[in-house]
Amino acid sequence: MRSHEIDYEIKGESIQIVEVELDPSETVIAEAGAMLYMEDGINFETKMGDGSDPQQGFLGKLMSAGSRMLTGESLFMTHFTNQGSRKRKVAFSAPYPGTVIPIDLQKSHNQELVVQKDGFLCAALGTKVSIMLNKKIGSGLIGGEGFILQKLQGDGMAFVHAGGTVIERELNNETLRIDTGCVVAFESTLDFDIQSAGGLRSMVFGGEGLFLATIRGTGKVWLQSMPIRKLIQAIAPYGRNAKKEASSILGDFLE
C-alpha cells in the first residue's frame, strides 16, 4: 500500500508542533492523545493497528497492536481522515517540550527507520509501525535503553519528536558513541548497540553514566540534546527544594 501524500508545516521553535494538511479522503495516523486541534470536516477513528495492510485479519491486527504495548504505547492508534470536499488541517503535539522531525521514508535506506520506543508522533496512512527487539547482548543486559525500538516502514512522511536540539549526522562507515537516551532515530542500515562506558573509574566517577550507545555503519542518525530522562533529572532538585525559602528564618519572619 502506497502512503498518502500529505502536506505539512512545522510550527514553533523550542516547543514545536506539526500541522498536517489533508486533501479530501487523505488520512494521517497518530499516537493516541497526540492531536492538538483539527478543522471541521476531519473525522477521527480509533483503530487497532496502523492500517498499512487493509487485508490484515483481526488476529493479525491484535498481535501487531499488542506488540506495541511492549514499547509502552497504546494498544490503539487514531486515524484522522478528511471527509470534506476541500483541504483541511489537523495538528499534533509531542507529549513533552521539544522538536518535531519530518522524515521522508521514501528517501531512507530500505524505506525503513528505527525510532526510540516513545519517539513516533504521526505519519501518513500506509506507514507500517512495528516493534523491533535489539538482540545485542549489551542492550539486552540493561533492558530499557535501546532494547525495545520501533520500526517505521513505508514511502510517505513520518514525524518523530525529540527533546531539545536535534542533531542530524550522516555516517560513512564510521562509529559514533552517544549518551544513552540521546538517540532519537536511525536508518536500518546502521548497527546499534549499548556498551559499557569504559573503565571502572570512568564509569563510577566520570559523570557520563555506566553505558554509551554505539552506532556503526553507513546511514543517517538523529540525536536529541535533552531526552525526557535528562529533563526530569534536571528539574527534580527544584521540586524538592521549592519550599526551602519559606522555611528559612527570614521566610518565617516575613510570614
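Whatever comes next refers back to the structure up there.
Residues numbered from 1 in each chain as written. Predicted model: local features only at pLDDT ≥ 70, side-chain atom pairs only at ≥ 80, totals over all residues. Heavy atoms only, no water.

## Brief notes about the overall build of the chain
Selection criterion: Counting from the N terminus, the helices are the DSSP runs of H or I reaching at least four residues and the strands are the DSSP runs of E reaching at least two. Note on classification: 1.4 Å probe, protein chains only; a residue is buried when its accessible area is under 20% of the maximum for its type, exposed when over 50%, partly exposed between these limits. Residues count as neighbours in contact if any of their non-hydrogen atoms are within 4.5 Å of one another. Accessibility throughout is a Shrake-Rupley quantity obtained with a 1.4 Å probe, and a residue counts as covered only by protein chains that appear here.
In terms of regular secondary structure, the chain is built from six helices and 17 strands. Within the chain, buried positions represent 42% of all 255 residues. Long-range pairs, those at least 24 residues apart, make up 78% of the contacts in the chain between residues at least 6 apart in sequence. For the chain, the accessible surface area stands at approximately 13700 Å², while carbon and sulfur atoms represent 54% of it.

## Some details on the side chain of Gln-224
For clarity, the threshold we go by: Here a polar contact is taken to be a pair of N or O atoms separated by no more than 3.5 Å, where protein atoms must pair a possible hydrogen donor with a possible acceptor and residues adjacent in sequence count only if both atoms sit in side chains.
By the secondary structure assignment, Gln-224 is in strand S17 (residues 211-224). Overall, the relative accessible area of 2% leaves Gln-224 in the buried class. Within the local environment of Gln-224, its side chain forms a polar contact with the backbone nitrogen of Gly-163, the two atoms lying 2.7 Å apart. Those residues in contact with Gln-224 that lie beyond four places of it in its chain are Tyr-96, Gln-116, Ala-162, Gly-163, Thr-165, Gly-181, Cys-182 and Val-184.

## As for the sheet that holds strand S4 (residues 35-38)
Counted only if it meets this: Strand pairing is assigned whenever DSSP identifies at least 2 bridges connecting the two strands. Convention adopted: a line fitted to C-alpha atoms gives each axis, helices being fitted over their contacting stretch, and angles between N-to-C directions are expressed from 0 to 180 degrees.
If you trace the four strands from one edge of the open sheet to the other, you get S1-S2-S7-S4, paired in antiparallel fashion. If you trace the sheet from one side to the other, it starts and ends with strand S1 (7-11) and S4, each paired once. Recorded for the sheet is a direction-independent mean angle of 20° between the axes of neighbouring strands. Summarising the sheet, S1 and strand S2 (residues 17-22) pair through five bridges and their orientation is antiparallel. Residue pairing for S2: Glu-9 is matched across the bridge by Glu-19.

## Structural notes on the packing of aromatic side chains
Short version of the rule: Only the six-membered ring of Trp is used, alongside the rings of Phe and Tyr, when aromatic pairs are assigned; centres must lie within 6.5 Å, and planes under 30 degrees apart are stacked while those over 60 apart are edge-to-face, with the rest tilted.
In this structure the tally under the stated criterion is four aromatic pairs. Note on Phe-80 and Phe-92: the rings are 5.2 Å apart at their centroids and 75° apart in plane angle, and the pair reads as edge-to-face. Linking Phe-80 in strand S6 (residues 77-82) with Phe-92 in strand S7 (residues 88-93), this pair joins segments that are 12 residues apart in sequence. Judged by relative accessible area, which is 3%, Phe-80 ranks as buried. With 5.2 Å between their ring centres and 20° between their planes, Phe-186 and Phe-192 make a pair best called stacked. Classification of Phe-186 as buried rests on a relative accessible area of 3%.

## As for the sheet that holds strand S10 (residues 120-124)
The sheet built from six strands is open, its strands ordered S5-S6-S3-S10-S13-S8 with antiparallel pairing. At either end of the open sheet lies a strand with only one pairing partner, and these are strand S5 (42-47) and strand S8 (99-104). In this sheet, adjacent strand axes meet at a mean angle of 20° when their direction is disregarded. Bridging between S8 and strand S13 (residues 157-162) involves six bridges; their strand directions are antiparallel. Counterpart to Ile-103 in the pairing with S13 is Ala-158.

## Here's the deal with the pattern of salt bridges
The condition is simple: Take a side-chain nitrogen of Lys or Arg and a carboxyl oxygen of Asp or Glu: if they are within 4 Å of each other, that pair is a salt bridge.
Within the structure shown, the criterion is met by eight salt bridges. As a salt-bridge pair, Lys-87 and Asp-23 come within 3.9 Å of each other at their nearest N and O atoms. One end of the pair, Lys-87, is in the loop between S6 and S7; the other, Asp-23, is in the loop between S2 and strand S3 (27-31), with 64 residues separating them in the sequence. Among the salt bridges present, the one from Lys-47 reaches Glu-45, with a minimum N-O distance of 4.0 Å. A single network of salt bridges, built from pairs that share partners, joins Lys-11, Glu-19 and Lys-89.

## What to know about unusual backbone geometry
Backbone geometry at Ser-25 places phi at a positive 75°, although glycine is not the residue there. Along the chain, Ser-25 turns up in the loop between S2 and S3. According to the relative accessible area criterion, Ser-25 is exposed, its value standing at 57%. Although it is not a glycine, Gln-111 adopts a positive phi angle of roughly 55°. The topology assignment puts Gln-111 in the loop between S8 and strand S9 (112-116). By relative accessible area, which is 33% here, Gln-111 ends up partly exposed.

## A look at the pairing of S2
With five of six residues buried, S2 is to be regarded as a mostly interior element. Connecting S1 to the antiparallel partner S2 that follows it, the hairpin turn spans five residues, and Gly-12 within it adopts a positive phi of roughly 95°.

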